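Below are the chains, spelled out letter by letter.
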Amino acid sequence: MTTIDLTTPAMRSGTELVPAIDEGTTQTAKEFTSDQEVRWCPGCGDYAVLKAVQSFLPDLGLRRENIVFVSGIGCSSRFPYYLDTYGMHSIHGRAPSIATGIATAREDLSVWVVTGDGDALSIGGNHLIHALRRNVNMTILLFNNRIYGLTKGQYSPTSEVGKVTKTSPLGSLDHPFNPVSLALGAEASFVARTVDSDRKHLTEVLAAAAAHRGTSFVEIYQNCPIFNDNAFDAIKGMGEHKGNKEHAVIPLVHGQPITFGPRDEETGLGDKAIVRATGGGVEVIATADVDIEQVLVHDAHHPDASTAFAISRLTDLGYLSRSPIGIFRQVERPTYDDLARNQVDHAVEAASTNGTPTERLTALINAGDTWTID
Amino acid sequence: MSQTKQVKQLDRVIIRFAGDSGDGMQLTGDRFTQESAVFGNDLVTLPNFPAEIRAPQGTIPGVSSFQIHFADHDILTAGDRPDVLVAMNPAALKANLGDLPKGATIIVDTHDFSKRNLEKAGYSSNPLDKLGEVDDLLAGFQVQPVDLTGITVAAVTEFGLSRKDAARAKNMFALGLLSWMYGRPTEPTVEFLSKKFAKVPDILGANLAAFKAGWNYGETTETFVVQYEIKPAKMASGTYRNITGNLALSYGLVAAGVRSGLPVFLGSYPITPATDILHELSKHKGFGVTTLQAEDEIAGIGAAIGAAFAGSLGITTTSGPGIALKSESIGLAVMTELPLVIVNVQRGGPSTGLPTKTEQADLLQAMYGRNGEAPVPIVAPQSPGDCFAAAVEAARIAITYRTPVMLLSDGYLANGSEPWAIPDVEDLPLIDPNFATEPNHELVGPDGEVTGKDYWPYLRDADTFARPWAVPGTAGLEHRIGGLEKGEGHGNISYEPANHDKMVRTRAEKIQRIADSLPPLQVDDPSEAAKVLVIGWGSTYGPIGAACRRVRRAGYDVAQVHLRHLNPFPKDLGDILRRYDKVLVPEMNLGQLSKMLRAEYLVDAQGYNHVYGLPLKAAELAEAIGVLVGETEGREVNLGEHGLNLPADHEQNPVEASK
């Protein structure tokens with residue numbers, strides 16, 4: 001078989017081709033808020049994410065009409081109705097495929113997918129991994145509450161083994177996905193994890209995701225107060241875990257040594273450090289027991305995703321008492337939609353010298369062996 | 001020349017080339033077709049090949065064939081029974097013998113009638129050894145044994161090919177021989193080979209030598225004494241080309257893009273027999289066509305829906321199993337009222353069924369195969385060339401009415417071919433996307449005063465009921481659509497009982513209103529005395545038309561009408577059905593259109609149903625029509641040679657006749 005070296009389009013920021021608002025003007029969160037009543041349960045983590053997104057979007061400086069939110073099915077998938085942008089609330093699991101069509105058809109749109117752990121990892125798993133490998137220019141926000149909320153409480157593909165739900169009265173048998181590991185394995189170029197209640201971190205991650213050209217995958221830990229309450233209390237330092245957040249969150253900052261736990265005032269390092277383990281992975285060790293040189297320095301831009309994957313494995317699969325949070329991976333790779341438009345644009349340009357579309361269509365259908373009867 | 005060759009006039013001939021999957025029979029048939037097309041005959045072709053890429057060599061499942069019917073008058077089918085069979089091996093002979101009428105000519109490649117190949121085909125002895133004996137399996141046929149392979153190998157020695165490569169040119173020898181027999185022009189094939197093998201001079205030389213050797217073999221040896229002449233057909237004036245359904249359909253989709261000014265976006269997953277459309281459209285990026293080979297059927301239509309939302313002409317192409325997977329997404333397109341063309345190149349089902357064979361058993365799937373009341377317009381082409389116009393029509397309906405449209409082709413149309421009168425692009429309908437650019441709804445204050453304007457995505461056109469299509473990037477028209485029921489007009493989520501009832505009826509009414517844009521049906525009832533109406537849809541147009549002609553030639557009356565639009569039905573269909581005493585509905589399924597006609601019009605539509613994975617046979621159908629005509633008119637009907645009794649041509653020994 002033959003392969004062709006593709007002409008690589010210029011690397012740009014994720015929003016570079018999207019029209020910006022007029023210079024000197026600003027937008028407000030209110031302008032991005034639709035007139036529809038928000039109908040999530042009281043206390044739902046989705047409210048916090050919605051508020052964060054509504055206040056973040058004006059800062060993007062893009063024209064509202066050039067932003068499109070696409071969702072699938074699930075509680076989080078009502079998201080587009082509450083934003084005064086273009087939007088589509090589609091069908092279960094298919095949002096990445098619909099967004100792929102939108103992003104490929106139009107370079108001037110900022111495309112966002114809002115999905116959940118069931119929507120993206122169960123019924124829509126195939127579309128998610130293929131969007132990631134194609135690297136279509138869009139941002140996927142995966143709200144992970146580790147439960148099925150809209151159908152009233154069944155275990156999800158991220159639920160812990162043994163979880164008792166309506167469909168697993170004797171405990172769930174399913175081994176869970178780690179969404180970040182999955183995304184990294186699917187060749188994602190941007191992978192991050194954040195938490196619904198940490199507005200500052202969430203906003204920082206959203207900004208980086210929007211700026212990234214390609215598929216940005218953001219897992220957002222999101223609490224479901226009705227069917228899986230307190231699932232992220234350790235990460236948030238809430239409830240019985242009050243005050244212990246620093247023991248649970250492993251902060252990932254590009255270029256910084258990865259440590260967590262109570263910080264040493266002098267060095268700024270936590271009392272636990274991530275070091276390379278024998279066998280290719282990474283492990284947690286007391287910072288006091290290692291040379292500072294041995295502590296793994298986070299490199300989100302490394303072309304090889306192996307270390308990012310190893311770090312992702314530090315996430316608890318059972319009750320979440322420890323998880324790395326931040327941007328795991330952020331690398332440049334040509335996007336599917338840029339490449340696709342590149343091929344079409346070049347072909348259109350080359351063809352335009354052969355006449356108008358009507359003339360060329362006439363030539364096309366008259367090509368080959370023809371004969372004329374008078 | 002050792003003797004004077006006879007030339008015999010024929011009005012039509014059916015030839016079937018049959019061989020192993022690797023013998024190049026499709027190519028041979030294609031070339032013979034092109035020669036006949038350029039010569040000016042009317043023609044219809046029927047390729048028939050196994051689903052396996054290379055079934056075990058020499059076996060009956062591995063037989064691939066190509067049938068061409070060409071004539072000096074207009075014809076409608078690829079023919080029921082071949083007059084000539086070219087059999088490249090014992091399996092090809094055995095698999096096709098049953099389709100031949102007595103008197104047919106059989107040209108066999110004796111070289112491949114080895115013990116091993118005979119056994120693979122299930123012959124205990126060589127039928128060629130028994131010609132003229134009491135147990136001659138081929139008695140009553142004109143058998144012409146020729147060592148096609150041997151002569152080919154000898155003819156191409158100068159090119160120094162391996163024996164295997166040399167033998168591969170045998171299909172060109174067969175083509176040369178048949179081209180001589182039927183006086184075909186050779187230039188198109190010489191030109192074709194020169195282009196195809198331009199980079200491999202040895203192979204080119206061998207193929208040209210084999211082709212010429214075949215021609216010369218016919219002309220100079222005493223084996224073949226008769227050359228046949230089939231004069232060009234009198235066809236309507238215009239420029240013609242031979243075209244398959246899949247190619248015509250692809251061109252139609254490109255044309256729909258040109259005539260609507262919309263970029264074309266195809267999201268598709270490979271599936272037989274629809275894949276050629278994805279192949280073809282992938283070549284036409286110069287027309288602004290984007291093709292996305294999706295990860296699955298669902299993603300194919302998902303991407304097309306996304307592109308439609310973004311302002312493209314969204315298209316997805318597939319076959320029945322793919323439609324099953326896309327059903328939920330089709331429902332989304334019905335609910336969001338986005339333009340979308342869904343092409344189903346039907347094949348034998350259910351499940352994986354018969355991937356390479358034809359059937360039209362997905363009509364009810366197209367009509368009803370979704371949850372909820374989810375009406376989808378259905379358009380069906382009636383012949384390979386007609387796939388072009390049908391594709392443009394599907395796009396017209398989709399764009400004008402903001403709806404997914406099902407275009408129901410089938411395996412026979414996809415791969416079959418016919419001469420196509422190339423249309424003038426300027427004569428094709430212009431399709432206006434009519435994008436929304438301005439707010440369309442007045443905001444009213446408490447005292448009834450207009451306070452401003454906003455955009456309502458479901459505020460419909462009063463005549464067509466089409467909703468406005470506002471694409472992202474249009475300032476002031478930001479809106480959300482989705483699969484949930486929406487309130488009439490404003491389009492926000494609504495669970496109001498009365499609203500749902502209204503919206504269900506409105507969506508149904510919108511599809512019904514498409515009928516306002518359809519031309520009246522053409523009823524073919526030459527004597528205007530027919531009491532029986534034969535009605536069909538899709539690729540059965542040819543066999544039904546041919547069957548009706550047979551009945552009429554035998555002196556009886558019958559009317560024919562063929563449906564392009566299956567949903568909604570044309571407005572005059574009910575009146576037409578009621579004009580006739582009996583209605584016969586031939587279909588390659590167990591009675592799907594007949595069920596729809598009965599339900600819609602309360603007429604006693606009778607089915608004529610075959611599901612062999614092959615087109616209906618005109619003679620058999622003519623007999624069935626004859627029986628119904630007899631019952632209806634209360635008289636004996638005997639179609640004679642126009643029915644299953646063989647026509648005179650077949651009974652005559654062509655060799656005897658020429659003496």
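Here, the structure is the one placed above.
Residues numbered from 1 in each chain as written. Chains lettered and ligands numbered in written order. Predicted model: local features only at pLDDT ≥ 70, side-chain atom pairs only at ≥ 80, totals over all residues. Heavy atoms only, no water.

Enquirer: Lay out the sheet that holds strand 3 (residues 42-48) of chain B in plain terms, naming residues and giving numbers.
Expert: All names here are of chain B. Spatially, the six strands line up as an open sheet ordered 3-4-2-5-6-7, and their pairing is mixed. Two strands lie at the open edges of the sheet, namely strand 3 and strand 7 (142-146), each paired on one side alone. Mean inter-strand twist for the sheet, computed between neighbouring axes without regard to direction, equals 15 degrees. Relative to strand 5 (residues 84-87), strand 2 (residues 12-20) runs parallel, the two being bridged by four bridges. Its bridge partner lying in strand 5, I15 is registered against V84. Sheet strands touched by helix 1 (residues 25-39): strand 2, strand 3 and strand 4 (63-71). Its angle to strand 4, the strand with the most contacts, is close to 10 degrees. Sitting on the sheet, helix 2 (residues 90-97) touches strand 2, strand 4, strand 5 and strand 6 (105-109), and the angle it makes with strand 5 is about 150 degrees. (Pairing = 2+ DSSP bridges. Helix = DSSP H or I, 4+ residues; strand = E, 2+ residues; numbered from the N terminus. Axes fitted to C-alpha atoms, helices over the stretch in contact; angles between N-to-C directions. Contact = heavy atoms within 4.5 Å.)

Enquirer: Tell me about the interface of chain B and chain A, and please be specific about residues and values.
Expert: One widely used convention gives an interface's size as the accessible area the parts lose upon coming together. Taken together, the 70 residues of chain B in the interface contact 55 residues of chain A. At the boundary of chain B with chain A, total buried surface from both sides reaches about 5,200 Å², with 63% on carbon and sulfur atoms. Contact with chain A buries area across many residues of chain B, yet B:E295, B:E478 and B:R480 alone supply 14% of it, more than any other trio. Run the count over chain B and chain A and you get three salt bridges. Summed over the shared surface of chain B and chain A, the number is 26 residue pairs in polar contact (both at pLDDT 80 or more). Those elements giving two or more residues to the side of chain B that touches chain A turn out to be helix 1, strand 9 (238-244), helix 9 (245-260), strand 11 (289-293), helix 11 (297-309), helix 12 (320-336), strand 16 (417-421) and strand 19 (480-482) of chain B. When residues of the side of chain B that touches chain A are assigned to their parent elements, the largest contribution, eight residues, is made by helix 11 of chain B. Its residues assigned to classes, the side of chain B that touches chain A shows 39 nonpolar, 22 polar and nine charged. (Buried area = accessible area lost by both parts, 1.4 Å probe. Salt bridge = Lys/Arg side-chain N within 4 Å of Asp/Glu carboxyl O. Polar contact = N/O pair within 3.5 Å; in protein donor to acceptor, adjacent residues only side chain to side chain. Nonpolar A, V, L, I, M, F, W, Y, C, P; charged D, E, K, R; others polar.)

Enquirer: If you had to explain the packing of aromatic side chains to someone new, which residues and values would you point to?
Expert: Taken as a whole and assessed by the stated rule, the structure comprises 20 aromatic pairs over all chains. Look at A:W40 and A:F79: their rings are 6.1 Å apart centre to centre, the planes differ by 40 degrees, and that puts the pair in the tilted class. Taken together, the residues span a long stretch of sequence, with A:W40 in the segment before helix 1 (45-60) and A:F79 in the loop between strand 1 (67-71) and strand 2 (86-89) at a distance of 39 residues. For the residue pair A:W40 and A:F79, the accessibility class agrees, reading buried in each case. Both rings, one in A:Y86 and one in B:F309, keep their centres 6.5 Å apart while their planes meet at 70 degrees; by these two values the pair is edge-to-face. Note that A:Y86 is positioned in strand 2 and B:F309 in helix 11, a pairing that runs across two chains. By the ring-pair criterion, three or more aromatic residues cluster together here, those being A:W40, A:Y47, A:F56, A:F69, A:F79, A:Y82, A:W112 and A:F143. When the ring centre of B:Y458 is taken as origin, the NZ or CZ atom of B:R467, which lies over that ring, is 4.8 Å away. Here B:R513 stacks its cationic end above the ring of B:F465, 3.8 Å away from the centre of that ring. (Phe/Tyr/Trp six-rings, centres within 6.5 Å; stacked < 30°, edge-to-face > 60°. Buried < 20%, exposed > 50% of the residue type's maximum accessible area, 1.4 Å probe, protein only. Lys NZ or Arg CZ within 6 Å of the ring centre and 35° of its normal.)

Enquirer: Break down the packing of helix 11 (residues 357-365) of chain A against helix 9 of chain B for me, with residues and values.
Expert: Contact geometry of helix 11 of chain A with helix 9 of chain B gives a least axis separation of 10 Å together with a crossing angle of 170 degrees. The pairing of helix 11 of chain A with helix 9 of chain B is recorded here as roughly antiparallel in orientation. Judged by the twist between their axes, the crossing of helix 11 of chain A over helix 9 of chain B is left-handed. Side by side, helix 11 of chain A and helix 9 of chain B meet where A:P357, A:T358, A:L361, A:L364 and A:I365 of the first sit next to B:Y251, B:V254, B:A255 and B:V258 of the second. (Parallel < 35°, antiparallel > 145°, perpendicular 65-115°, else oblique. Left-handed = near helix turned anticlockwise from the far one by under 90°.)

Enquirer: Tell me about the side chain of B:H562, and please be specific about residues and values.
Expert: All names here are of chain B. For H562, the location among the structural elements is in strand 21 (residues 559-563). For H562, the side chain forms a polar contact with the main-chain oxygen of G536, separated by 3.5 Å. In terms of polar contacts, H562 uses its side chain to reach the backbone carbonyl oxygen of G538, at 2.8 Å. Ignoring anything within four residues of it in the chain, the contact list for H562 reads Q382, L521, G536, W537, G538, T540, Y541 and I544.

Enquirer: Mind laying out the environment of B:R467, listing which residues take part and the relevant values?
Expert: Residue and element names in this part refer to chain B. Within the fold, R467 resides in the loop between strand 18 (450-454) and strand 19. R467 sits in the buried class, given a relative accessible area of 3%. Distance from R467 to G286, taken between C-alpha atoms, is 31 Å for residues 181 residues apart in sequence. What R467 contacts, discounting residues up to four positions off in sequence, is T336, E337, L338, R402, Y455, P457, Y458, L459, R460 and I481. A polar side-chain atom of R467 sits 3.2 Å from the main-chain carbonyl oxygen of P457.

Enquirer: Explain the pattern of salt bridges to me, and be specific about the residues and the numbers.
Expert: Opposite charge on two side chains lets them pair, provided their charged atoms get close. Here the structure, examined in full by the defined rule, presents 40 salt bridges over all chains. Residue A:K272 is joined to A:D271 by a salt bridge in which the shortest nitrogen-to-oxygen separation is 3.3 Å. Since its relative accessible area comes to 22%, A:K272 is described here as partly exposed. By relative accessible area, A:D271 is classed as partly exposed at 35%. Across the salt bridge formed by B:D23 and B:K170, the nearest N and O atoms sit 3.6 Å from each other. Taken together, the residues span a long stretch of sequence, with B:D23 in the loop between strand 2 and helix 1 and B:K170 in helix 6 (residues 170-181) at a distance of 147 residues. On the accessibility criterion, B:K170 (9% relative accessible area) is buried. A single network of salt bridges, built from pairs that share partners, joins A:R12, A:E107, A:R213, A:D337, A:D338 and A:R341.

Enquirer: Kindly report on the pairing of strand 3 of chain B, identifying the contributing residues and their values.
Expert: All names here are of chain B. Of all seven residues in strand 3, six are buried, a share of seventy percent or more. Sheet topology note: the strand 3/strand 4 ladder contains seven bridges and is antiparallel. Among the inter-strand pairings, N48 is bridged to a residue of strand 4, identified as S65.

Enquirer: So, the packing of helix 9 of chain B against helix 10 (residues 275-282) of chain B: which residues are in play, and what are the values?
Expert: All names here are of chain B. It is the contact of helix 9 with helix 10, at a shortest axis distance of 9 Å, that shows an interaxial angle of 45 degrees. When the interaxial angle is binned, helix 9 and helix 10 end up oblique. Crossing geometry of helix 9 relative to helix 10 is assigned as right-handed. Residue-level contacts link N246, L247, L249, S250, Y251, L253 and V254 of helix 9 to D276, I277, E280 and L281 of helix 10. By residue class, the composition of the contact of helix 9 with helix 10 is seven nonpolar, two polar and two charged.

Enquirer: Just give me the short version of the sheet that holds strand 19 of chain B, but keep the residues and values in it.
Expert: Taken together, the nine strands give an open sheet; going across it, the order is 7(A)-11(A)-5(A)-6(A)-4(A)-3(A)-1(A)-2(A)-19(B), and neighbouring strands pair in mixed fashion. Edge positions in the open sheet fall to strand 7 (249-252) of chain A together with strand 19 of chain B, since each of these has one partner strand only. Averaged over neighbouring strand pairs, the angle between their axes works out to 20 degrees when direction is ignored.

Enquirer: Give a detailed account of the environment of A:V180, specifying residues and quantitative values.
Expert: Residues and elements named next belong to chain A. Secondary-structure assignment places V180 in helix 5 (residues 179-185). Exposure remark for V180: the relative accessible area of 0% places this residue in the buried category. Along the chain, V180 and P19 lie 161 residues apart, while their C-alpha atoms are 31 Å from each other. In this structure V180 touches V191, A192, R193, F217, E219, S312 and F328, once residues within four positions along its chain are discounted.

Enquirer: Give a detailed account of unusual backbone geometry, specifying residues and quantitative values.
Expert: Residues and elements named next belong to chain B. Here the residue pair T272 and P273 is connected by a cis peptide bond, since its omega of 0 degrees sits within 30 degrees of zero. In this fold, P273 is placed in the loop between strand 10 (264-268) and helix 10. One non-glycine residue, E528, lies in positive phi territory at about 55 degrees. You can see E528 is positioned in the loop between helix 16 (497-512) and strand 20 (532-537). Residue E528 is classed as exposed on the basis of its relative accessible area of 71%. With a phi close to 55 degrees, L602 is a non-glycine residue in the positive phi region. Mapped onto the elements, L602 comes out in the loop between helix 19 (592-601) and strand 24 (605-609).

From the geometry alone we can't say anything about function, so treat these as descriptive.
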